Amino acid sequence: MDHFIPSRRHFMGLLGVTAAAAFAPLRATDLQLPFDNGKRRLVEGVEGKGQMILQRTRAPLLETPFEVYDQGLITPVDRFYVRWHTASAPRQIDTPAFRVHVHGHVERELSLTLADISSLPAREITAVSQCAGNSRGFSDPRVPGAQWGNGAMGNAVWRGVSLRQVLDRAGVKAGAVAIRFRGLDAMPPQFGKSLAVDVARNDDVLLATHMNGQPLPWVHGFPLRLVVPGWFATYWVKTLSDIEVLDTEDDNYWMAKAYRIPTTPDGSTTPGAPAGATTPISTMPPRSFVTNLHDGDRLRAHSTQVIRGIAFSGKGAIARVEWSADGHAWHRCQLDSEGGKYGFRRWHAQMPVGAAGQQRLLVRATDAGGNVQPPTAGWNPGGFMRNVVESLNLVVA
Ligand SMILES: Nc1nc2c(c(=O)[nH]1)N[C@H]1C(S)=C(S)[C@@H](COP(=O)(O)O)O[C@H]1N2
Ligand SMILES: [Mo]
């Protein structure tokens, strides 16, 4: 294999650096996510990040504080959520020695340097990366796994080359079924995800080297990561070094056992029901959030309140965002023009505020494929693909 494997001593030294960085955050304050056991620390300075919600130091799990989504369309790199399954990917890469190995059911095996990849025509795509377990902390009944609030998502400009160009150079043989991607994670079961050949051959699937104009930092997969617009981020393999064309279904742990959802129209099941057939998680259903108001905020009676937020879908461009006070009468919001079909779409509206008392605010998105957010949340044992019309309870005084 052409992988750069750091020596054990080098690796341990680097872990020492991690531990020091992780246990000496520059500043820490407390924060409560809106569910049981939701107490977290807001830290600054971990893994070179700005203020983040600390879920775990190693392997790093850092959540984006929700107010970041109100500050701009693009999530800054230093506020972008971080998720690793193990702390076993190298923090430093010997870039001249780094190779991406393309092999398996191909005409020609390839061993590509970063220079080889950079010599191919590059493009930029703005796309949302969302962890399959984003919002898992809201699962009711609770399920094991990272207890994320809504901040395991972010919208970035990804720069890279179409995977398809590399596949075409290798020549995918007839009979190929899937393409498996592996990173430099060393700990078993080694992280790897696969895509059906037709999905992988979409020009928008990128071998990305840059995020928001900067080379990927190590936490986001330096020097190369897969970007699969519209698909949950579990497929966005970081420190990508191995591309294997398979002539059978991928039976590795991360496809066959993990990241699977019930084979039902919405991927949900009834808590406690016997385990039925499951299928690998894939594209993201539409979601929308209000970003400038929070549950419990106070509004002035008989005023007009500006509401704004974000919406996105991995199944088609956002076609419509609506708000409602009762879940029956829905009012169109204005959609901003920027964003692209894979990115966050910003929206805003003017909401009349009624008499003193309680006022609810619900928001729902519909995409070009007619997919719409459901009024109640589904449930599955993995806590994956959480989606529901979000609602806020506001106090009018
Ligand atoms: N090599 C590698 N790639 C990986 C993972 C991993 O553990 N190892 N985790 C995946 C999962 S589950 C998520 S949600 C995203 C998180 O990407 P980020 O940390 O850049 O936000 O990376 C994906 N790519
Ligand atoms: Mo994830």
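A.B. asks: Just to check I follow, could you spell out the overall build of the chain for this structure?
C.D. replies: Scanning the chain for helices and strands turns up six helices and 26 strands. Here the C-alpha radius of gyration of the chain, 22 Å, is about what a compact globule of 397 residues would show, namely 21 Å. Once the C-alpha set of the chain is aligned to its principal axes, its extents read approximately 70 × 50 × 45 Å. For the chain, the residues scored as buried account for 53% of the 397 residues in total. Pairs at least 24 apart in sequence give 68% of the contacts found in the chain among residues at least 6 apart. Where the 42 positive side-chain charges of the chain centre and where its 35 negative ones centre are 3 Å apart.

A.B. asks: Just to check I follow, could you spell out the environment of Asp-297 for this structure?
C.D. replies: Topologically, Asp-297 is positioned in the loop between β18 (287-290) and β19 (298-299). Along the backbone, Asp-297 and Leu-392 are 95 residues apart, and their C-alpha atoms lie at a distance of 8.8 Å. Discounting chain neighbours no more than four positions away, the residues touching Asp-297 are Asn-292, Asn-393, Leu-394 and Val-395.

A.B. asks: Help me understand the sheet that holds strand β22 (residues 331-332), please; the structure alone is not making it clear to me.
C.D. replies: Adjacent strands of a sheet form backbone hydrogen bonds with each other and so pair up, either parallel or antiparallel. Strand order in the open sheet formed by five strands is β19-β26-β25-β21-β22, and the pairing between neighbours is mixed. Each end of this open sheet is capped by a strand with a single partner; those strands are β19 and β22. Sheet topology places strand β21 (residues 318-324) next to β22; two bridges connect them, and they run antiparallel. Opposite Glu-322, over in β22, you have Arg-332 as the bridge partner.

A.B. asks: How should helix α4 (residues 163-170) be read in this particular structure?
C.D. replies: One turn of an α-helix holds 3.6 residues; hence residues three or four places apart share an orientation. Looking only at α4, the buried set comprises Leu-163, Val-166, Leu-167 and Ala-170. Axial view of α4: buried residues confined to an arc of 100 degrees, hence all on one face. One or two residues past the end of α4 sits Gly-171, with phi positive at roughly 75 degrees.

A.B. asks: Help me out: how do you make sense of unusual backbone geometry in this one?
C.D. replies: Glycine aside, negative phi is the norm for most residues, and most peptide bonds take the trans geometry. Across the junction of Arg-58 and Ala-59, the peptide omega takes the value -10 degrees, indicating a cis bond. Along the chain, Ala-59 falls in the loop between β3 (52-56) and β4 (61-63). Omega for the peptide link from Phe-222 to Pro-223 comes to 5 degrees, which places this bond in the cis form. With respect to the element layout, Pro-223 can be found in the loop between β13 (214-215) and β14 (225-227). A positive phi angle, close to 55 degrees, is found at Glu-47, a residue other than glycine. Mapped onto the elements of the fold, Glu-47 is located in the loop between β2 (39-44) and β3. A relative accessible area of 15% places Glu-47 in the buried class.

A.B. asks: Just to check I follow, could you spell out the site of ligand 1 for this structure?
C.D. replies: The immediate surroundings of ligand 1 are formed by 19 residues, with Tyr-81, Asp-185, His-220, Arg-225 and Lys-238 found nearest. In this structure, Arg-83 approaches ligand 1 through a main-chain N or O atom, which is 2.9 Å from an oxygen atom. Coverage of ligand 1 by the protein amounts to 100% of the 530 Å² it exposes when considered alone.

A.B. asks: Please clarify how the domain arrangement of the chain should be interpreted in this entry.
C.D. replies: One frequently used descriptor of interface size is the decrease in accessible area upon assembly of the parts. You can read the domains of the chain as domain 1 (92-129 + 153-280) and domain 2 (287-396). Just the C-alpha atoms count here: the centres of domain 1 and domain 2 sit 31 Å apart. Summed over both partners, the interface of domain 1 with domain 2 comes to about 1,500 Å²; 75% of that surface belongs to carbon and sulfur atoms. The three residues of domain 1 that bury the most area against domain 2 are Val-128, Met-153 and Ile-261, which together make up 29% of that side's buried surface. For the interface between domain 1 and domain 2, the tally reads zero salt bridges. Of all the secondary-structure elements, those providing two or more residues to the side of domain 1 that touches domain 2 are β8 (122-130), β9 (153-162) and β16 (260-262).

A.B. asks: Help me out: how do you make sense of the pairing of β18 in this one?
C.D. replies: Within a regular strand, side chains alternate between the sheet's two faces. Here β18 shows no split at all, with Arg-287 and Phe-289 on one side and Ser-288 and Val-290 on the other all buried. Pairing between β18 and strand β20 (residues 304-312): four bridges, direction antiparallel. Directly across from Phe-289, in β20, lies its bridge partner Ile-310.

What counts, and where the lines are drawn
Position numbers for residues start from 1 in each chain and track the written sequence from start to end. A letter from A marks each chain and a number from 1 marks each ligand, given out in the order of writing. Local features in this predicted model are restricted to residues of pLDDT 70 or higher, and side-chain atom pairs are both shown and tallied only at a pLDDT of 80 or more, whereas totals for entire chains, interfaces and linings draw on every residue. To get the side-chain values, take all heavy atoms of the structure and skip hydrogens and water. Each helix is a run of H or I in the DSSP string that is no shorter than four residues. Each strand is a run of E no shorter than two, and both are numbered from the N terminus. Only C-alpha atoms enter the radius of gyration, while the globule expectation follows 2.2 Å times N to the 0.38, with N the number of residues. Here the term buried applies to any residue with accessible area under 20% of the maximum for its type, exposed to any over 50%, and partly exposed to those in between, with areas from a 1.4 Å probe on protein chains only. Contacts between residues were defined by any pair of non-hydrogen atoms, one from each residue, lying within 4.5 Å. In this tally, Lys and Arg are treated as positive and Asp and Glu as negative; His is ignored, and so are the chain termini. For this purpose, a charge sits on NZ of Lys, CZ of Arg, CG of Asp or CD of Glu. Paired strands, in this sense, are two strands between which DSSP finds at least two bridges. Think of it as the arc spanned by the lines of direction from the helix axis to the C-beta atoms. Being near a molecule or strand, for a residue, comes down to having at least one heavy atom within 4 Å of it. For this analysis, a polar contact is any N or O atom pair within 3.5 Å, provided that within protein one partner can donate a hydrogen and the other can accept it, and provided that sequence-adjacent residues contribute only side-chain to side-chain pairs. For the area figures, the Shrake-Rupley method with a 1.4 Å probe applies, and any residue is considered shielded solely by the protein chains shown. Domain limits in this description derive from either an automatic procedure or a database domain assignment. Here the quantity called buried area is the total loss of accessible area, with a 1.4 Å probe, experienced by two parts when brought into contact, counted for both. Salt bridge, as applied in this entry: a Lys or Arg side-chain nitrogen positioned within 4 Å of an Asp or Glu carboxyl oxygen.

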